[in-house]
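Below, each chain spelled out in residue letters.
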Number of protein chains: 2
Amino acid sequence: MDGPPPPRVPTLADVAARAGVSTATVSRCLNAPDRVQKDTRDRILEAVKHLGYSPNFGARALAAKRTDTIGAIIPTMDNSIFARGLQAFQTALVDHGMTLLLASSSYRRDLEETQIRTLVARGADGLLLIGHDRDPALYDFLARHTVPVLVSWVFDPTQPRPSVGFDNRQAMAEMTHRVLAQGHRRLATISGYTSDNDRTRDRVAGVRDAMAEVPDCAPLNVVETRYGIETGARAFAQILAKTPETTAVICGNDLLALGAMRQARTMGLRVPQDISITGFDDMEIAVIADPPLTTVRVPHGDMGRQAASMLTEMVRSGTTPDTVALPCEIMERGSLGPAPRS
Amino acid sequence: MDGPPPPRVPTLADVAARAGVSTATVSRCLNAPDRVQKDTRDRILEAVKHLGYSPNFGARALAAKRTDTIGAIIPTMDNSIFARGLQAFQTALVDHGMTLLLASSSYRRDLEETQIRTLVARGADGLLLIGHDRDPALYDFLARHTVPVLVSWVFDPTQPRPSVGFDNRQAMAEMTHRVLAQGHRRLATISGYTSDNDRTRDRVAGVRDAMAEVPDCAPLNVVETRYGIETGARAFAQILAKTPETTAVICGNDLLALGAMRQARTMGLRVPQDISITGFDDMEIAVIADPPLTTVRVPHGDMGRQAASMLTEMVRSGTTPDTVALPCEIMERGSLGPAPRS
DNA sequence: TCGCACTATGCAAGCGCTTACATTGCGATT
DNA sequence: AATCGCAATGTAAGCGCTTGCATAGTGCGA
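The rules behind these values
- Residues numbered from 1 in each chain as written.
- Chains lettered and ligands numbered in written order.
- Predicted model: local features only at pLDDT ≥ 70, side-chain atom pairs only at ≥ 80, totals over all residues.
- Heavy atoms only, no water.
- Contact = heavy atoms within 4.5 Å.
- Buried area = accessible area lost by both parts, 1.4 Å probe.
- Salt bridge = Lys/Arg side-chain N within 4 Å of Asp/Glu carboxyl O.
- Polar contact = N/O pair within 3.5 Å; in protein donor to acceptor, adjacent residues only side chain to side chain.
- Helix = DSSP H or I, 4+ residues; strand = E, 2+ residues; numbered from the N terminus.
- Nonpolar A, V, L, I, M, F, W, Y, C, P; charged D, E, K, R; others polar.
- Pairing = 2+ DSSP bridges.
- Near = heavy atom within 4 Å.
- Buried < 20%, exposed > 50% of the residue type's maximum accessible area, 1.4 Å probe, protein only.
- Domains from an automatic or database assignment.

Under the annotation held in an unreviewed UniProt entry, chain A carries the name LacI family transcriptional regulator and is attributed to Jannaschia pagri.

Printed below as a string of structure tokens:
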């Protein structure tokens, strides 16, 4: 019936021709359907379907000055912590008609900077970033390009930028309270690197906050290391070498805690009878660790979903939302027990 | 010194004006630097820097008919299996000057289809997909839009599309050989859902391949379920209810295996003395499970990096590379032991 | 000295879409 | 019946870049 198939990808003009209207009407029909009459719309839609038309992205971006694309830069996808939040973020973004442009920084500030510039150059309408710590020049750059930024994974109402996240400091303070409540007074912390990272800093600060309220605490032994199981194990050994009297090790994330637990076992220490260990994140495996890990449940999913809504709103309306705080929950499980009688 | 800053984002024309050349020369200078003379180039680069120029993405995409963007659709980021490969993929992509557009399908065929169309509409120059199972109409669609596709996570040279991955079937057969070598003859498998998923199908097929070489095996008890720890635990209980004589449970991934191990412990079974359990993926936690999990190490990183190179090449040169097979490695650890004397 | 090959640069035509503005047609208002 | 307002649609001007082709400049062999 039909002639030979069109040799090229159909354009708006092809649709317009087939429907017997102008390209403007087709464009409107696609972007604001209620601005064209029902029968015209039907005719256009038929043409669209028949031709298999799909708008050219570049042309649309050029003319409309937006891409319906949101960029996100996370430290890493390697461990599931960020991946879970990202999954929720991406899914929600799709529901809002947005697409995710993704990059990772490997926790490196210089790389993150490059990635931010790249994503903006790639036309990201808005950006999701983790944490506030960043060169002010970068924020200037983003402002100049009028790219809205939403910060996640933290809650800090004193920052000028909106964020959606949780209060790392308070969550860790709460965890530390629980540890202290078990009678522990000789604590140590295995933390991620704190330079360029407000989240890790806040977590350590939270530990200190809680300790400050109890008079007879020994000084906190803090070891900084890269996040990971192996590094957690090594850090644990280091801690016991320096302060063997430690009865509880508060870890900056679950991976570190898992490594610490393994090392404890290796060294013949029972958890929690001889030493208590806590984590942060509540990864899926926390509950099947032996003993199950006491940790902080982070609202990954809510954070991701909220971030998607907020960013979409920011991009579409140009408004700046209020910073949102999401609650964490302490999951008390087997790895935290009473302090041993010394 | 300078006048008031330009009120808007600078364009090619601004750069050209400042450098005293035409926009064509600036464009060439940016895209093929060796086609303009050194001093002209320096002048242009100075102008670029001074103005803080960065090319407009939409305009470039429209004129050049490419976006330097690669789309990837993975089943989920929720578990670290895909996330790790993706991390390597993204990093390598950046090294090739490409950017990652990401979507996830939640293992749902219909969603995946939508996402594929969306990413193409968003201007992805090429696509990374997981597994071959897909509606042929989709492949037609991609061909019509001349979007090259690379399939990953599988190795199947009989498929018309290039892929980079590993042989799920052979890897699982190899694992099963190891299990059989320990004297096990009553096996069960906890598999992910096999409909629309060639990877899970291949893994089960691998188990059967190996069993076929041994005459006295009991029939294989297969339970299909969603990937996860909880679901793995439930599936394990189901298996023991139906075939309590089972001495080894071969799981389709590590999460399932971890769940199975937990359930075994709950039911008072010792691993591996009473029952052996194996996984697939070699997630980071496999080694700290108790007992450490015998599993298949999948070359996530290599796969991601290779995929990035291959796709970039496909997009840039329009060629179709050969399918690449990457080796898996069986990690024999504590969760696999000799079959108990019955 | 002339012509030729070749390089560096400019000119200008799009790429396919959105949108401000203009036009048309029709019912309601006076 | 003339006028006005409004809804539906058309007209056409870009959006900022790439690239085929044209043009000018340069060095070299004959």
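J.: Provide a residue-level description of the interface of chain B and chain A, including the pertinent values.
T.: In this complex, chain B contributes 48 residues to the contact, which on the side of chain A involves 50 residues. Surface buried jointly by chain B and chain A totals about 3900 Å² across both partners, of which 59% is contributed by carbon and sulfur atoms. Taken together, the links from chain B to chain A amount to zero salt bridges. Our count for the contact surface shared by chain B and chain A stands at 16 residue pairs in polar contact (both at pLDDT 80 or more). Taken together, the elements giving at least two residues each to the side of chain B that touches chain A come down to α4 (57-64), α5 (80-95), β2 (99-104), α6 (109-121) and α11 (254-266) of chain B. Class assignment of the residues belonging to the side of chain B that touches chain A gives a composition of 22 nonpolar, 17 polar and nine charged. Sheet topology places strand β2 (residues 99-104) of chain A next to β2 of chain B; three bridges connect them, and they run antiparallel. Among the inter-strand pairings, L101 of chain A is bridged to a residue of β2 of chain B, identified as L101 of chain B.

J.: Break down the protein's contact with DNA strand D for me, citing the residues and quoting the values.
T.: Taken together, the neighbourhood of DNA strand D is formed by 25 residues, with T25 and T40 of chain A together with L12, S27 and Y53 of chain B sitting nearest. In DNA strand D, the atoms that sit within 4 Å of the protein are 64% sugar and phosphate, with bases accounting for the remainder. Within the side chain of N31 of chain B, a nitrogen or oxygen atom sits 3.1 Å from a phosphate oxygen of DNA strand D. At a separation of 3.4 Å, a phosphate oxygen of DNA strand D approaches a polar side-chain atom of R60 of chain B. When residues of the surface near DNA strand D are traced back to their parent elements, those giving at least two are α2 (23-31) and α4 (57-64) of chain A together with α2 (23-31) and α4 of chain B. Residues of the surface near DNA strand D, tallied by class, amount to twelve nonpolar, nine polar and four charged.

J.: Account for the pattern of salt bridges, naming residues and giving values.
T.: Residue and element names in this part refer to chain A. Scanning all chains against the criterion turns up 36 salt bridges over all chains. With a closest N to O distance of 2.9 Å, R178 and E174 form a salt bridge. With R178 and E174 both in helix α8 (residues 168-181) and four residues apart, the pair spans about one turn of that helix. Residue classification places R178 among the partly exposed residues on the basis of a relative accessible area of 27%. The exposure class assigned to E174 is partly exposed, which follows from its relative accessible area of 32%. For D198, the salt bridge is made with R199, and the minimal N-O distance between the two is 3.5 Å. For the pair formed by D198 and R199, the shared burial category is buried. One network of salt bridges, in which partners are shared, links E174, R178 and E332.

J.: Break down the domain arrangement of chain A for me, with residues and values.
T.: Taken domain by domain, chain A holds domain 1 (12-63), domain 2 (68-166 + 300-327) and domain 3 (168-298). Each of domain 1 of chain A and domain 2 of chain A was reduced to a C-alpha centroid, and the two centroids are 33 Å apart.

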